[in-house]
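Given next are the chains, with one letter for each unit.
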Amino acid sequence: MRRILITGGAGFIGANFVHYWRRTYPADHVVVLDSLTYAGNLANLQEAQGQPNFRFIRGDIRDYELVRNLLIEERLDTIVHFAAESHVDRSILGPDAFVETNIVGTHTLLKAAKSAWLDRGPAGAPSPHRFHQVSTDEVFGSLSPVAPPFTEETPYAPNSPYAASKAAADHLVRAYHQTYGLEVTISNCSNNYGPYQFPEKLIPLVLVNILEGRPLPIYGDGRNIRDWLYVEDHCRGIDCILQQGRVGECYAIGGDNEKSNIEIVELVCRLVDEKMASSATLRPRFPRAPAASGRSAKELITYVKDRPGHDRRYAIDGRKIKQALGFTAAESFATGIVKTIDWYLANEIWWRQVMDGSYRQWIDSQYGPRAESAVVSPRG
Ligand code: NAD
Ligand code: DAU
């Protein structure tokens, strides 16, 4: 039985991980530490609140005393560290928060873990523990169209302030293992999608913009490639690492699912159009969606100025976690994207509450006006 601290558990992947973990290991004690930034949302944890073996603490991972006391008082033996500033666009516009949370915050957690787990017991007898760092494939930089996918051996070459801050955090995690013997593992995962994702990231942004009849902004030529993984499969990958992963090792987790952004956007447009065409209840609920008046969501596609330093392609070679730990993704992209769309349709109140449009206007004001955009006509 584990006693587990989940940092960032009120965010997208963290909340999915909380639900996954509580379903899979109901006897485990779960503590969430989250400062509830714009991306953290207590509604994401509604199912768990008030349940036995679950505690939510609003607090900052940079608070050394808070983290150390929690580890000791709650007798926690595992940290799964999700808490981060996670959005690349925000890191371009304001990198300081990324340095603070992703680098200083991770270091504070490491210091507290070292103190609670390594320094308190009799010399030579650390208490059993694990620190798992949830990292990203963005630390590896950008692939050319023909390059082999990233592996655990790919050198770090981060391009955005976000990716650089995650890379720095990963190096600190590694250093605490090499220097102090802290028992760590690291996962580098590709792009996640699924329930509870904040609608600033591509898939939920496109989805809610279609429903609201707003432009679907495509950065640059739309041909940048990402490797998409359903969020619950990421959670299962982390579980495999916690159960069987070798201390000190890194594991790359991917979806074997490379798609260009324009492919993703056109697919979401088609699926939402089909759902609306076949549902008499959806059309009056979302009257501004093009399909409500028999048009295609593709007419909303709008090419805008590119993201500065925009990585061209990410892809993961996931053989290590598959062969060494037996990990396989349960969800295909075809099923995962439909589940995701259904979740956003069923949880309109959730996404209306988390977005008020001001962020998008801010991004537009930074990246240039829509005058630079070309509206793409629906095909066929
Ligand atoms: P998210 O932005 O949805 O959630 C981040 C959470 O961290 C929020 O709940 C926020 O309130 C919390 N947080 C932020 N700063 C904090 C602080 N100083 N103290 C305590 N809590 C704080 O992020 P996400 O998409 O769920 O990503 C989670 C982790 O997974 C991140 O470390 C990210 O780098 C990594 N990751 C994300 C993806 C992806 O596709 N989203 C892919 C690979 C890896
Ligand atoms: O690869 C893992 C990473 O995936 C995680 O580490 C990050 O936390 C997560 O945010 C995600 O980063 P990306 O930058 O790849 O995700 P995003 O959803 O922001 O963008 C996906 C692609 O879509 C990217 O090529 C940029 C493009 N895009 C994004 C937005 C928000 C657009 O074309 N238009 C948009 O409006």
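Residues numbered from 1 in each chain as written. Chains lettered and ligands numbered in written order. Predicted model: local features only at pLDDT ≥ 70, side-chain atom pairs only at ≥ 80, totals over all residues. Heavy atoms only, no water.

Caption draft 1: Molecular detail of the sheet that holds strand β9 (residues 225-230). With respect to topology, three strands assemble into an open sheet ordered β7-β9-β11, the strand pairing being mixed. Pairing within the sheet leaves two strands with one partner each, and these edge strands are β7 (191-193) and β11 (258-260). Going from strand to strand, the sheet's axes swing by 50 degrees on average, the running direction of each strand aside. In the sheet, β9 pairs with β11 via three bridges, with the strands oriented antiparallel. Within β11, the position partnered with Ile225 by the bridge is Ser260. Against the sheet, helix α8 (residues 261-277) touches β9 and β11, its axis set at about 80 degrees to β11. (Pairing = 2+ DSSP bridges. Helix = DSSP H or I, 4+ residues; strand = E, 2+ residues; numbered from the N terminus. Axes fitted to C-alpha atoms, helices over the stretch in contact; angles between N-to-C directions. Contact = heavy atoms within 4.5 Å.)

Caption draft 2: Region of interest: the site of ligand 2. Around ligand 2 lies a shell of 24 residues, among which Asp137, Glu138, Tyr162, Arg307 and His310 are the nearest. Thr136 places a side-chain nitrogen or oxygen 2.7 Å from an oxygen atom of ligand 2. A distance of 2.6 Å separates an oxygen atom of ligand 2 from a polar side-chain atom of Tyr162. Relative to its free-state accessible area of 680 Å², ligand 2 is covered by the protein chains to the extent of 95%. Those elements that place two or more of their residues in the shell around ligand 2 are α6 (202-212) and β8 (216-219). Considering every element that reaches the shell around ligand 2, the biggest residue donor is β8, with three residues. In the shell around ligand 2, the residues fall into nine nonpolar, eight polar and seven charged. (Near = heavy atom within 4 Å. Polar contact = N/O pair within 3.5 Å; in protein donor to acceptor, adjacent residues only side chain to side chain. Areas by Shrake-Rupley, 256 points an atom, 1.4 Å probe, with all protein chains shown as cover. Nonpolar A, V, L, I, M, F, W, Y, C, P; charged D, E, K, R; others polar.)

Caption draft 3: Fine view of the packing of helix α4 (residues 96-118) against helix α5 (residues 161-180). Here α4 crosses α5 at 15 degrees, and the two axes come no closer than 8 Å. The angle between α4 and α5 places the two elements in the roughly parallel class. When you trace α4 past α5, the crossing you get is right-handed. Packed against α4, whose contacting residues are Phe98, Asn102, Ile103, Thr106, His107, Leu110, Lys111, Lys114 and Leu118, the element α5 presents Tyr162, Ser165, Lys166, Ala168, Ala169, Leu172, Val173, Tyr176 and Tyr180 at the interface. Per-class residue counts for the contact of α4 with α5 are 11 nonpolar, four polar and three charged. (Parallel < 35°, antiparallel > 145°, perpendicular 65-115°, else oblique. Left-handed = near helix turned anticlockwise from the far one by under 90°.)

Caption draft 4: Spatial organisation of the sheet that holds strand β10 (residues 250-253). With parallel pairing, seven strands are arranged side by side in an open sheet as β3-β2-β1-β4-β5-β6-β10. Of all strands in the sheet, those bounded by a partner on one side alone are β3 (54-58) and β10. If you compare each strand with its neighbour and ignore which way they point, the axes differ by 20 degrees on average. Across five bridges, strand β2 (residues 29-34) lies against β3 in parallel orientation. Each bridged residue has a counterpart across the sheet, and for Asp34 the counterpart in β3 is Arg58. The sheet strands contacting helix α1 (residues 12-24) are β1 (3-7), β2, β3 and β4 (78-81), and the helix crosses β1 at an angle near 160 degrees. Of the strands in this sheet, β5 (130-136) and β6 (184-189) touch α5, which is tilted by about 155 degrees from β5.

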